[in-house]
Number of protein chains: 2
Amino acid sequence: MPHCHSIRQTLRRHGFRVTPQRMLILEALRSAGRHMTAEEIYAAVRAYAPAVDLSTVYRTLRLLARLGLLDRHVLGEGRIVYEWRDQPGHAHFFCRSCREVLHLEADLLGDIARELQARSGLAIEQLTLMLVGLCPRCRASVEGKKDPPASQAAAR
Amino acid sequence: MPHCHSIRQTLRRHGFRVTPQRMLILEALRSAGRHMTAEEIYAAVRAYAPAVDLSTVYRTLRLLARLGLLDRHVLGEGRIVYEWRDQPGHAHFFCRSCREVLHLEADLLGDIARELQARSGLAIEQLTLMLVGLCPRCRASVEGKKDPPASQAAAR
DNA sequence: GTTCATGCAAACACTTTGCACTCCG
DNA sequence: CGGAGTGCAAAGTGTTTGCATGAAC
């Protein structure tokens with residue numbers, strides 16, 4: 001666990017305790033290397049420590065997010081996910097067909113933030129670009145069929 | 001009600017019925033001219049028709065969003081709001097201090113979508129730019145104080 | 001030893017669903 | 001009239017909270 005020490009420091013510096021639960025949750029996210037829902041994190045942690053409670057996961061995620069040790073994102077359909085804070089800025093793409101979530105390297109995000117900040121006088125601390133549509137695969141599979149934009153079948 | 005006729009047409013065209021509930025919900029959003037949560041829409045509609053049920057509001061919002069008659073957005077903290085589809089594209093800014101939501105005119109959104117679409121091969125249908133930070137007013141009010149990035153008090 | 005954090009269970013907010021009746025077309 | 005749409009009640013999700021026990025420092 002490389003960042004282990006600095007994490008302990010961050011917790012202690014703000015007057016919080018270093019508990020196995022907190023370290024486990026961080027480690028689960030770090031080693032997964034992808035975003036996870038609270039439920040997924042709960043499952044991952046319980047593989048190591050079956051006694052950990054879901055409420056502890058929620059409490060811990062909120063704390064760690066506010067300490068800046070991990071990021072919280074709201075995806076396409078309102079699903080909330082967390083991820084280890086490493087990539088500086090990237091966008092999430094939600095495919096409405098296969099329900100897959102893709103990460104997009106978006107060098108644009110920094111530019112967008114700067115641009116908006118200059119224009120508006122806002123202090124932008126977090127920027128999330130959320131996209132919904134069809135991934136290349138699903139796009140190809142519906143190609144050819146005239147897709148009815150919102151047929152009765154599709155709308156329910 | 002100006003758009004009234006084309007709305008009826010859109011519903012009929014897809015085989016859905018025109019009901020007072022559906023028209024009331026659309027009208028509530030149109031006349032409000034701002035985004036509203038399901039609960040807010042429910043309250044607004046009940047002012048005119050007290051018998052309308054909350055489940056009908058949810059069912060109708062989902063239907064109308066899929067027909068493209070209104071937009072569904074996920075805001076800063078995961079709150080879901082709906083709004084009358086008029087502005088082509090704009091971003092939401094959530095101030096973490098006063099919890100206000102500001103609309104930003106973002107001419108950039110179109111450009112961003114085109115850029116990403118070209119690079120990635122994705123079919124981008126919906127693009128939401130979600131910002132969190134401090135609005136100019138709150139920014140000014142915390143100026144001077146060295147704000148502790150995540151003090152114990154702030155973190156719980 | 002204090003105090004903070006956890007596990008447990010219960011409450012909570014928001015959204016969806018099953019069903020009989022209603023009313024649009 | 002037939003079936004889509006509604007109101008009602010109930011269940012489902014995902015998340016938060018109160019409290020006594022247990023762990024971190």
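Conventions used here
- Residues numbered from 1 in each chain as written.
- Chains lettered and ligands numbered in written order.
- Predicted model: local features only at pLDDT ≥ 70, side-chain atom pairs only at ≥ 80, totals over all residues.
- Heavy atoms only, no water.
- UniProt positions renumbered as here; feature names shortened; annotations may be inferred.
- Helix = DSSP H or I, 4+ residues; strand = E, 2+ residues; numbered from the N terminus.
- Buried < 20%, exposed > 50% of the residue type's maximum accessible area, 1.4 Å probe, protein only.
- Contact = heavy atoms within 4.5 Å.
- Areas by Shrake-Rupley, 256 points an atom, 1.4 Å probe, with all protein chains shown as cover.
- Core = buried A, V, L, I, M, F, W, Y, C linked by side-chain atoms within 4.5 Å.
- Near = heavy atom within 4 Å.
- Polar contact = N/O pair within 3.5 Å; in protein donor to acceptor, adjacent residues only side chain to side chain.
- Nonpolar A, V, L, I, M, F, W, Y, C, P; charged D, E, K, R; others polar.

If you look chain A up in an unreviewed UniProt entry, it shows as Fur family transcriptional regulator, ferric uptake regulator from Thermoflexus hugenholtzii JAD2. Checking UniProt for chain A, the heading Subcellular location (unreviewed entry) contains the comment "Cytoplasm". Here is the UniProt Sequence similarities (unreviewed entry) comment for chain A, exactly as written: "Belongs to the Fur family."

**Q** Could you clarify how one ought to interpret the overall build of chain A in this entry?
**A** Within chain A, the secondary structure is distributed over 6 helices and 5 strands. Mapped from its N terminus to its C terminus, chain A presents α and β elements in the order α-α-α-α-β-β-β-β-α-β-α. Sorting the 156 residues of chain A into buried and exposed places 44% on the buried side. Of all intrachain contacts in chain A linking residues separated by at least 6 positions in sequence, the fraction that spans at least 24 positions is 47%. For chain A, the accessible area works out to roughly 8,700 Å², and carbon and sulfur atoms hold 50% of it.

**Q** Help me understand the UniProt feature "binding site: Zn(2+)" (unreviewed entry) in chain A in this model?
**A** Residue and element names in this part refer to chain A. Per the UniProt annotation, the sites labelled "binding site: Zn(2+)" (unreviewed entry) are Cys-95, Cys-98, Cys-135 and Cys-138. Spanning 44 residues, the annotated positions come together in the fold, the maximum distance between their C-alpha atoms being 8.2 Å. Along the chain, Cys-98 turns up in the loop between strand E3 (90–95) and strand E4 (101–105). Classification of Cys-98 by relative accessible area gives partly exposed; the value is 34%. Positionally, Cys-135 belongs in the loop between strand E5 (123–134) and helix H6 (136–142). Residue Cys-135 is classed as buried on the basis of its relative accessible area, which comes to 6%.

**Q** It is not clear to me how the nonpolar core should be interpreted in this structure. Could you clarify?
**A** Generally speaking, a soluble globular protein has its nonpolar side chains buried in company with each other. Counting residues in each nonpolar core, the largest one holds 34 residues, and the members touching the most others are Phe93(A), Leu129(A), Leu131(A), Phe93(B), Leu129(B) and Leu131(B). Listed by contribution, the elements that provide at least two residues to this core are E3, helix H5 (108–120) and E5 of chain A together with strand E3 (90–95), helix H5 (108–120) and strand E5 (123–134) of chain B. Residue contacts for Leu129(B): discarding those within four places in its chain leaves Ile112(A), Leu116(A), Leu127(A), Thr128(A), Leu129(A), Ala91(B), His92(B) and Leu109(B).

**Q** Help me understand the protein's contact with DNA strand D, please; the structure alone is not making it clear to me.
**A** Among the 23 residues in the neighbourhood of DNA strand D, the closest are listed as Tyr58(A), Arg17(B), Thr19(B), Gln21(B) and Thr56(B). Within 4 Å of the protein, atoms of DNA strand D come from sugar and phosphate in 65% of cases. Side-chain polar atom of Thr56(B) to a phosphate oxygen of DNA strand D: 2.5 Å apart, as the coordinates give it. One of the side-chain nitrogen or oxygen atoms of Arg59(B) is found 3.0 Å away from a base nitrogen of DNA strand D. Elements with a contribution of two residues or more to the surface near DNA strand D: helix H4 (54–66) of chain A together with helix H2 (20–32) and helix H4 (54–66) of chain B. With 5 residues, H4(A) is the largest single contributor of residues to the surface near DNA strand D. Grouping the amino acids of the surface near DNA strand D by side-chain chemistry returns 9 nonpolar, 5 polar and 9 charged.

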